[in-house]
Amino acid sequence: GMIPPGGRMPFELVVADVQGVASVNLSVNARPSSEAVRQDFEFSALNAWSQDSAYCVGGTLRNPGGQVQEYLVIAAVLYDAQNNVVNFGDYYAPDPGVVAGDATLNFSICVDPPNSDVARYELRAWGR
């Protein structure tokens with residue numbers, strides 16, 4: 001995926017059929033792109049709730065800038081009291097081009113376990 005310069009994005013790697021791991025080495029490869037990624041979206045009317053075993057976050061997103069054509073993704077990142085990432089979830093707008101000007105997008109993101117000990121959450125949005 002694309003990440004704006006200086007941006008951060010949670011990720012998860014699943015390694016199957018491994019037992020007794022003592023350490024992990026991780027490397028990341030990236031290359032600059034001429035494609036601009038927008039991140040100036042505005043959130044309002046935010047709330048959080050529990051639904052079954054999920055931790056849910058919802059609200060309204062507004063796009064104060066020009067129309068996005070390719071994608072608009074919202075990520076909810078859950079943190080514990082020590083500022084460690086507990087888990088995360090995302091929402092991809094089905095029709096990102098309509099969210100511009102006065103138009104808004106109502107969204108909800110429900111994060112399945114593990115999601116205990118959540119002290120706070122952050123919302124981030126990227127679009128192009």
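All figures in this text were calculated on a predicted structure; none of them were measured in a lab. (Residues numbered from 1 in each chain as written. Predicted model: local features only at pLDDT ≥ 70, side-chain atom pairs only at ≥ 80, totals over all residues. Heavy atoms only, no water.)

(A) Main features of the pattern of salt bridges. For the coordinates displayed, the defined rule picks out five salt bridges. Its salt-bridge partner being Glu42, residue Arg62 comes within 2.7 Å of it at the nearest N-O pair. Placement of the pair is Arg62 in strand β2 (residues 54-62) and Glu42 in strand β1 (residues 42-51), with a sequence separation of 20 residues. A relative accessible area of 38% means that Glu42 is categorised as partly exposed. (Salt bridge = Lys/Arg side-chain N within 4 Å of Asp/Glu carboxyl O. Helix = DSSP H or I, 4+ residues; strand = E, 2+ residues; numbered from the N terminus. Buried < 20%, exposed > 50% of the residue type's maximum accessible area, 1.4 Å probe, protein only.)

(B) The arrangement of the environment of Val57 in detail. By secondary structure assignment, the location of Val57 is in strand β2. Residues Val57 and Cys110 lie 53 residues apart in sequence; the distance between their C-alpha atoms is 6.4 Å.

(C) Quick look at the sheet that holds strand β3 (residues 72-79). Strand order across the open sheet formed by three strands is β4-β3-β6, with antiparallel pairing between neighbours. On the outer flanks of this sheet lie β4 (85-92) and β6 (120-127), each paired with one strand and no other. Averaged over neighbouring strand pairs, the angle between their axes works out to 20° when direction is ignored. Pairing analysis gives seven bridges linking β3 to β4, with the strands arranged antiparallel. Residue pairing for β4: Ile74 is matched across the bridge by Tyr91. (Pairing = 2+ DSSP bridges. Axes fitted to C-alpha atoms, helices over the stretch in contact; angles between N-to-C directions.)

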